[in-house]
Amino acid sequence: MATTTTHWGRRAGSSTAAPDATRIRVEHLPVVEPVILLPHEEDRASARRLPQRLASGAARRLRALWRRWDNRGPAVETALDWLIRATPVGERCEGVTACAGQFDPCPALTGGVLATLANYAELELAQRLADWLASVQMPHGAFPDAGLRRASPLNTAQVVHAAREAARLTGHAPLRRQLDEIVQRAHEFLARAVDSRSERGARATPVASAAALNDLLLAAPLMNAEGRMGRATCERVFDRARRSIRRLDESGVWRGPLHVMLPGVEALIELGELSLARAVLAPVAAAQRRDGAIPALPGGSWISTTAVAHLAKLWYRLDEAAHADRALAWLRRRQERSGGFLGSYGRGACYYPRREVAWACKYFLDASRKQVEVSFARQAAQLPRALHAADGRLQAVLAWCTGFTPGARVVDVGCGRGRYLAALDGQFPHLRLAGVDPSAYCLSDLPLEVESIQGALPALPLPAASCDGVLAIESLEHTLVPQRSVAELCRVVRPGGRILIIDKHRAHQPLSDCEPWERWFAPDEVSGWLSRHCRDVKCVAVPHAQHMSPTGLFLCWTGTKL
């Protein structure tokens with residue numbers, strides 16, 4: 001028979017106990033005797049040195065208090081809210097403009113914002129932007145420039161890049177189909193545009209090298225196209241552009257505004273030319289200041305927030321996290337109360353210095369997501385593969401799985417190297433198990449019988465109502481937008497299906513040593529999010545590692561999809 005203990009939780013959003021704190025009743029799950037015996041794993045949190053944990057907790061608490069005093073929410077969530085507000089959603093959705101509600105709509109920016117919104121599970125708004133892009137795409141496949149006046153090869157290439165990224169990551173089938181159609185039509189125009197440049201000579205000059213980056217921006221979508229459309233022509237343009245850039249990488253391709261050059265550098269990365277991309281960005285990295293800012297022009301004094309945010313994203317992709325972390329930290333300090341970013345700062349600033357720009361917000365959100373992904377990729381080999389057989393988290397998962405009928409599909413989101421799936425595979429062979437994780441390395445460790453799916457919260461590459469059950473164990477704390485992530489977990493579960501979430505209690509975070517983006521939760525916080533989509537929502541305390549009774553660190557939430 002289950003024992004019952006009452007713990008008193010704080011209200012969501014409070015950092016200290018209050019006299020009128022909301023009382024959350026937490027019950028302990030019954031222990032299920034496991035069939036398998038997994039090796040003992042010492043809990044990682046308990047192995048942290050106390051001074052390091054205290055320093056990390058104090059720094060995090062000070063940052064949270066400052067943002068609360070300054071009337072600011074979490075950086076990523078406020079930036080995402082700003083981007084949503086900046087997207088026109090009237091009776092007829094229109095394209096995104098450089099500054100919210102001002103200037104002409106830009107297809108390239110609209111495509112970029114669409115990809116970012118899709119990656120943060122804002123699928124309805126992403127669909128409306130895709131509809132607008134389809135409506136302005138020209139008969140021959142091109143997209144126009146800002147103001148929709150004439151065909152723009154560069155805008156078309158940027159839309160294709162963004163549409164392919166969004167289609168690859170989203171689990172929303174109608175959106176994916178529409179994006180695929182947009183890409184196929186644009187390929188035909190790009191093939192003709194690349195062909196018209198294929199016979200053009202190239203000299204080793206800074207101007208020619210900057211143009212070569214634009215040539216790469218056009219060729220990259222075709223080089224990666226499954227149909228190999230114009231492959232020979234693209235390879236010719238690519239080889240010539242690469243030679244032109246290599247002749248100048250020491251003296252520097254960076255001669256004009258930084259934000260104009262970076263889309264071409266991203267094309268280099270897409271084509272797998274990582275060493276060449278690093279060489280092009282070497283002078284930029286050398287110019288980074290101690291505070292993380294980078295001048296918009298060589299030797300200049302003003303900074304473009306769009307360029308800094310885009311650079312952070314590219315540096316993470318190039319495994320230069322130190323530069324990226326500093327750039328991202330500078331952006332967080334410059335974030336406005338609204339959640340947006342002014343276009344530029346410093347003496348002589350000329351890129352929207354008094355207006356908040358959508359490009360900066362878009363790249364900030366992309367870079368923040370990439371920061372989490374890169375951090376986990378670095379730690380993938382050190383992630384644990386097994387649990388103690390009596391670990392309360394494993395016991396909770398085993399008890400939860402007993403309610404599924406044979407053939408039910410159960411998905412572990414953020415499965416890591418599959419330590420829970422390995423236990424479930426041995427004890428519940430009648431279930432169809434799947435693991436979702438952003439790391440291909442981690443997915444390679446899953447049992448052969450378990451389906452592996454590369455992806456991550458808050459945008460799962462799964463159709464709606466495609467699972468009978470979904471579990472997320474210590475995944476929610478890393479998602480940057482936890483409320484949206486809970487909604488995404490519920491989206492992929494069929495009505496009557498079940499959700500299980502295990503994560504850490506906010507009350508224990510001040511003494512923890514964790515990443516700066518981690519967010520722990522009060523009991524009623526996650527319960528409230530689940531209650532919007534589920535019935536029978538419960539919160540239970542579970543022990544962990546060698547502990548035989550709950551310490552209060554881990555909580556388990558369950559619910560049944562409405």
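As a starting point, this report considers the structure included with it. Everything numeric here is computed off the predicted structure, so don't read it as measured data. (Residues numbered from 1 in each chain as written. Predicted model: local features only at pLDDT ≥ 70, side-chain atom pairs only at ≥ 80, totals over all residues. Heavy atoms only, no water.)

### Remarks on the overall build of the chain
- Along the chain, the regular secondary structure elements total 18 helices and 11 strands.
- Taking the contacts inside the chain whose residues are at least 6 apart along the sequence as the reference set, 71% of them involve residues at least 24 apart.
- In the form shown here, the chain has an accessible surface area of approximately 23800 Å², with 53% of it arising from carbon and sulfur atoms. (Helix = DSSP H or I, 4+ residues; strand = E, 2+ residues; numbered from the N terminus. Contact = heavy atoms within 4.5 Å. Areas by Shrake-Rupley, 256 points an atom, 1.4 Å probe, with all protein chains shown as cover.)

### A closer look at the sheet that holds strand E8 (residues 467-473)
- On the basis of which strands lie adjacent, the open sheet formed by seven strands has the order E7-E6-E5-E8-E9-E11-E10 and mixed pairing. Two strands in the sheet have a free side with no partner beyond their single neighbour: strand E7 (451-454) and strand E10 (534-542). Neighbouring strand axes in the sheet, compared pairwise and without regard to direction, differ in orientation by 15° on average.
- The pairing of strand E6 (residues 432-437) with E7 spans four bridges and is parallel. In the strand pairing of E7, Val436 is matched with Ile453.
- Where helix H14 (residues 392-401) meets the sheet, its contacts fall on strand E5 (409-413), E8, strand E9 (493-504), E10 and strand E11 (554-561), and the angle it forms with E9 comes to roughly 170°.
- Helix H15 (residues 419-427) contacts E5, E6 and E8 of the sheet and is inclined by roughly 175° relative to E6. (Pairing = 2+ DSSP bridges. Axes fitted to C-alpha atoms, helices over the stretch in contact; angles between N-to-C directions.)

### With respect to the environment of Gly340
- Position of Gly340 among the secondary structure elements: in the loop between helix H12 (321-334) and strand E4 (344-345).
- Judged by its relative accessible area of 0%, Gly340 is buried.
- As a C-alpha pair, Gly340 and Val357 span 17 residues in sequence and 7.2 Å in three-dimensional space. (Buried < 20%, exposed > 50% of the residue type's maximum accessible area, 1.4 Å probe, protein only.)

### Concerning helix H3 (residues 107-119)
- For H3, spanning 13 residues, the distance from its first C-alpha to its last is 18 Å, which sits close to the expected 18 Å at 1.5 Å a residue.
- Taken across its 13 residues, H3 has 13 buried, putting it largely inside the fold.
- Directly beyond the C-terminal end of H3, a positive phi value near 65° is found at Ala121. (Expected span 1.5 Å × (residues − 1).)

### Some details on unusual backbone geometry
- Residue Pro458 is bonded to the preceding Leu457 through a cis peptide linkage, with omega at 10°.
- For Ala121, which is not glycine, the phi torsion reads 65° and is therefore positive.
- Assignment of secondary structure puts Ala121 in the loop between H3 and helix H4 (123-136).
- Of note in this structure, Asp319 is not a glycine but carries a positive phi near 60°.

### Looking at the packing of aromatic side chains
- Per the counting criterion, the structure on display carries six aromatic pairs.
- When the ring of Trp330 is compared with that of Tyr345, the centres are 5.9 Å apart and the planes differ by 90°; the resulting orientation is edge-to-face. You can see Trp330 sitting in helix H12 and its partner Tyr345 sitting in strand E4, a full 15 residues away along the chain.
- The class for Trp330 is buried, based on a relative accessible area of 1%. (Phe/Tyr/Trp six-rings, centres within 6.5 Å; stacked < 30°, edge-to-face > 60°.)

### Let's talk about the side chain of Ser368
- As for its position among the elements, Ser368 is in helix H13 (residues 358-379).
- Accessibility expressed as a relative area gives 1% for Ser368, which makes it buried.
- The contacts of Ser368, once residues within four sequence positions are left out, are Val76, Tyr120, Leu328, Arg332 and Leu480.

### Notes on the pattern of salt bridges
- Taken as a whole and judged by the stated rule, the model has 24 salt bridges.
- Salt-bridge contacts for Glu77 lead to Arg519; the nearest nitrogen and oxygen are separated by 3.0 Å. Here the residue Glu77 occupies a position in helix H2 (residues 75-85), and Arg519 occupies one in the loop between E9 and helix H18 (523-531), the gap between them amounting to 442 residues.
- By relative accessible area, which is 13% here, Glu77 ends up buried.
- Look at Arg519 and you get partly exposed, because its relative accessible area is 24%.
- Across the pair Glu525 and Arg519 runs a salt bridge, and its minimum N-O distance is 3.4 Å.
- Salt bridges sharing common partners tie together Glu266, Glu270, Lys313, Arg317, Lys362 and Asp366. (Salt bridge = Lys/Arg side-chain N within 4 Å of Asp/Glu carboxyl O.)

### A closer look at the environment of Thr97
- Following the sequence through the fold, Thr97 ends up in strand E1 (residues 97-99).
- Exposure remark for Thr97: the relative accessible area of 9% places this residue in the buried category.
- Separated by 13 residues in sequence, Thr97 and Thr110 have C-alpha atoms that sit 7.7 Å apart.
- If near-sequence neighbours (up to four positions away) are discounted, Thr97 is found in contact with Gln102, Phe103, Asp104, Pro105, Leu109 and Ala358.
- Separated by 2.5 Å, the side chain of Thr97 and the backbone oxygen of Cys99 make a polar contact. (Polar contact = N/O pair within 3.5 Å; in protein donor to acceptor, adjacent residues only side chain to side chain.)

Honestly, that's just the spatial picture; any functional story needs more than this.
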